[in-house]
Amino acid sequence: MHDKTITELSQLLENKETSSQEITQSFLERMRIIDPHLNAFITINEDYALQAALDADKRRKDGNAQKLTGIPIAHKDIFCTRGVKTSCGSHMLDNFISPYDATVTKRCKDAGMVLLGKTNMDEFAMGSSNENSFYGYVHNPWNPELVPGGSSGGSAAAVAASLTPIATGTDTGGSIRQPAAFCGITGLKPTYGRVSRFGMVAFASSLDQGGPLSKTAADAALLMNVIAGFDPQDSTSVDTSVPDYTATLNDSLQGLRIGIPKEFFSDGLDPEIATAIQVAAKELEKLGASLHDISLPNTELSVPAYYIIAPAECSSNLARYDGVRYGYRCEEPKNLDDLYKRSRSEAFGDEVKRRIMIGTYALSAGYYDAYYLKAQKVRRLISQEYQNALQQVDVILGPTTPTTSFALGSKTDDPISMYLNDIYTIAVNLAGLPAISVPAGFAQKLPIGMQLIANHFQEAKLLNIAHQYQQVTDWHKRQPEMNHQG
Amino acid sequence: MELSPADVLKIANLAKLHIEEDDIPDYVTNLSKILEFVEQLNGAPIENIKPMAHPLDVMQRTRADNAVAVTTTKATQANAPEVENGLYLVPQVIE
Amino acid sequence: MEWETVIGLEVHVQLQTQSKIFSNAPIAYGAEANTQANIIDLAMPGVLPVLNAKVIDMAIMLALATNSQIDQQSIFARKNYFYPDLPKGYQISQYENPIVHNGYLDITLDDGQQKRINITRAHLEEDAGKSLHGNFQGKTGIDLNRAGTPLLEVVSEPELRSAAEAVAYLKTLHELVCYLDICDGNMQEGSFRCDANVSIRPRGQEALGTRTETKNVNSFRFVEKAINYEVARQISLLENGEQIIQETRLYDPDNNQTRSMRSKEEANDYRYFPDPDLLPVSISDEQIAEIQKQMPELPAARRQRLQSELGLSDYDANVITASRKLADYFEKVVELSHAETKLVANWVMGDFSAALNKENFNITQCPVSAELFAGLLRRIHDNTISNSIGKKVFSAMWQTHKSADMIIEEQGLKQVTDSAAIEKIIDEILEDNPEQLAQFRAGKDKLFGFFVGKVMQASKGKANPQQVNNLLKQKLFTDSH
């Protein structure tokens, strides 16, 4: 049961060959055995899940089922879930019970999906390895000594280990795509404004975007049909029509123009990844696409620009955690300043504090122009560069990450080398573009991710290409061998 | 850009973070490294380029001026560290 | 040394909307603590702001009324600072590209002179909550009901030269925002509050002195006192060779002094940047034209018109236009009653306003509609009743909401204008008072009033006073000749 895609599970439910309760039970059992070794979940609420499964089965019996009614899902613990702890991976929100549902979680609930639990993540989505969680490391199902990637590491590990058939994540600089690549699954970062940010705890508001982590592109399309779309509660949500993402999955790739930027194949890239990505590109060529060399000369500038903009926004977004209305409060504050400073210092982890400090500095008097404003200009420069490239080609193809997963603890002392891990993913967030990471081979038994980038609101195209690729390859079907399977 | 310990403390105060004396050198090193790293931006060809605050060139949407009664007070206050008579309590604020 | 006072005012005008500026929580003054603050006002994790359309319209109205420029691409910014009544740790405000800028307001000084005060800018922002320093185990209580209430902060150039000028400016602005119906003007509830930037300099010097900012002064009288105190304090400091510190001060009305606010003593670095949760606000020419069409006549123009068209005195025009609703009421009564404007003005400023004040009603709560009131004045105007009977009818009308005609009919108050009937009464009075008649005839002219009074009394006030006068004169003087 657990190795099935949601496309398959939904078919089984529709054919009445199984029930949501049966599916849910099966995943909960697997979680009980395997999750203690992965630590992919922060909260598992079995009663809640079983009740939802019961409701879903009744709904199906009553003939009111939608496509994903009764399908289990795990939400990254950044999405507010009413009445359920929403920690954002932080000590700060360890005791926070959300009084409301995020639009994404509400849409899933309304569709009859069954919430299995909330997944582990880097604190406030800041990190590329899931090592910055108050709830401890998440282990990569392909090798427990390695990181699953981050910040949606719990979601990626849970899907890869089949603890849930599908999960949500958020992507601010690569936080869906990079863990998807590290864990050998499919991860889609939609266009900025396509999926509502309402109820998704903010890290960097102009970069954050929620999306699916799934076993296949077809599964991602099914979930996108539920979560994508205009939300009047999010001013940055875009009011354009949403296609049926499954409708174009089988479109031919004949005539598709694929751009391959030479900057994505520069020095820092693992040669085995470079080879795998070139092989994957050839595969798409066989399906009718044409390959074109392109250049994105300012790729390198995306990382420093990002590491000004994201911290600047985060320094302001995280000011609300002050120990007054919710969240952690220090013991016996001597005065107001003490309340603020100790509550925040005791409850935020090192990376979060580091980014708050950098962001505060970049916005402070005398430095705003030198840092923040300059980064905003570079942001436009990069965005224009992508727009120019996407005039020449339909999609841009490259590796998702410069290396495969790395050892737990190997980069924690060196923030810059950690940041550089996002070199291929960050520009997409700066430009607000949609991008997908798809399994495209293995290096030393570790999954490799291929990234495809399209123009704004072209998610359907990305899913179509990824799906076609998955019809002729089986990288996405490979499962990690886990020794502790019960 | 090399930060001084005084810079670090000033930023920490603005950000309302408490930094232990012993941790200051680490902050000086790490933050200075990051600032050095972002200095790559200084060479960027950005003359005549306008800053970009949003990924999409769209305009603010507005909502009609309709009020909806608040029903979440109990659920929101259940999360509060200290509440009395509906008020959130903090150490005395001296004005 | 002769000192010159330099004052610039920042006025927070609370916009009169149903819901908050970035959330749909209602705006209600005096509600139970934190019951009017929704998840957005409380800055729960993950919430987002959505702009209330009404506040844009209101800002445009103020811009049109103050001859200001409207920024057709206005931007919201975050002003970052920590304070317990500021739930997000930042206030959504406007920094670069405020919606309104470069306008002016003409004010009238005590000597009748006009002075033009330039308005630097007016920007939209959200209000903070309230800190209550009550008896909570020595702690401060935070009520966030007010958090997110829309404000338009109107910033003047430092062109005011005395406390009296500052008050004149404030009153003019207050009247204007009430006229535009964008603010309820209630200063006690904080709907219109002012921060005063005050500095002094030797007369003739161009450079500005160090200024202090006195916060949240919530009445015209306190503004005057606070500024006067602050000016005196600054002069005394400088004349004693001391320095003025640039700081925020709080006015304490109980002791009539200003004092430094310790909580704001840290040098602020607000780290303004464009709010990434909100997009640029675009205002079209069509939208401005649409608002232009809805603009009410402004107080100065209306005062002018009431004098030139309706012949009101300068004084009456000022009193009646002090409130737009009173002026509207007045004009409606004039139109419906066809009575002389002086009569209407006297009644509106007299009994009508007195009755409102007595009940502590504002004009929208008035039980006597303009239609009813016009009906009364029509009857006075056409001599159906006298002015004094009118007062009786008015108070009945206030209680019963019945028309003047009905009250006159029911109570038999119709004025007696039949000369024969009045003459009959006069004859009886003269006959009953031979002594007074003799004295009058002997030259005691003052007794004329005595006879008028007697006649009116005998008629229960219903005799037409003018007619009584004429007939009595005829009788007394004719008979004596």
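Residues numbered from 1 in each chain as written. Chains lettered and ligands numbered in written order. Predicted model: local features only at pLDDT ≥ 70, side-chain atom pairs only at ≥ 80, totals over all residues. Heavy atoms only, no water.

Points about the interface of chain B and chain A
- The interface is formed by 50 residues belonging to chain B together with 68 residues belonging to chain A.
- For the pair chain B and chain A, the summed buried area comes to about 5,200 Å², and 70% of that belongs to carbon and sulfur atoms.
- Summed over the three residues of chain B that lose the most area to chain A, namely Leu41(B), Met52(B) and Arg61(B), the buried surface amounts to 14% of that side.
- One salt bridge in this structure joins Glu82(B) and Arg329(A), with 3.0 Å as the shortest N-O distance.
- At the boundary of chain B with chain A, the tally comes to 15 residue pairs in polar contact (both at pLDDT 80 or more).
- Elements with a contribution of two residues or more to the side of chain B that touches chain A: helix H1 (5-14), helix H2 (24-38), helix H3 (73-77) and strand E3 (87-91) of chain B.
- The element that contributes the greatest number of residues to the side of chain B that touches chain A is H2(B), accounting for eight residues.
- Among the residues making up the side of chain B that touches chain A, the classes are represented as 33 nonpolar, 10 polar and seven charged. (Contact = heavy atoms within 4.5 Å. Buried area = accessible area lost by both parts, 1.4 Å probe. Salt bridge = Lys/Arg side-chain N within 4 Å of Asp/Glu carboxyl O. Polar contact = N/O pair within 3.5 Å; in protein donor to acceptor, adjacent residues only side chain to side chain. Helix = DSSP H or I, 4+ residues; strand = E, 2+ residues; numbered from the N terminus. Nonpolar A, V, L, I, M, F, W, Y, C, P; charged D, E, K, R; others polar.)

Considering helix H3 (residues 46-61) of chain A
All names here are of chain A.
- The first and last C-alpha atoms of H3 sit 22 Å apart over 16 residues, in line with the 22 Å expected at 1.5 Å per residue.
- Among all positions of H3, only Ala49, Ala52, Ala53, Ala56, Asp57 and Arg60 are buried. An end-on view of H3 places all buried positions within 140° of arc, on one side of the element. Turned more than 90 degrees from where H3 packs its buried face, Asp47, Lys58 and Lys61 sit exposed.
- Those residues of H3 that are buried lie in contact with helix H1 (6-14), helix H2 (20-38) and strand E3 (114-119). (Expected span 1.5 Å × (residues − 1). Buried < 20%, exposed > 50% of the residue type's maximum accessible area, 1.4 Å probe, protein only. Arc of directions from axis to C-beta.)

What to know about the domain arrangement of chain A
Residue and element names in this part refer to chain A.
- Partitioning chain A into domains gives domain 1 (6-254 + 452-484) and domain 2 (322-376).
- Placing the centre of domain 1 and that of domain 2 at their C-alpha centroids yields a distance of 30 Å.
- Domain 1 puts 12 residues into the contact, and the matching count from domain 2 is 12 residues.
- Buried surface at the junction of domain 1 and domain 2, both sides included, amounts to about 990 Å², of which 68% is carbon and sulfur.
- Our count for the domain 1 to domain 2 interface comes out at zero salt bridges.
- Remark: the boundary between domain 1 and domain 2 carries two residue pairs in polar contact (both at pLDDT 80 or more).
- Partitioned by chemical class, the residues of the side of domain 1 that touches domain 2 number six nonpolar, five polar and one charged. (Domains from an automatic or database assignment.)

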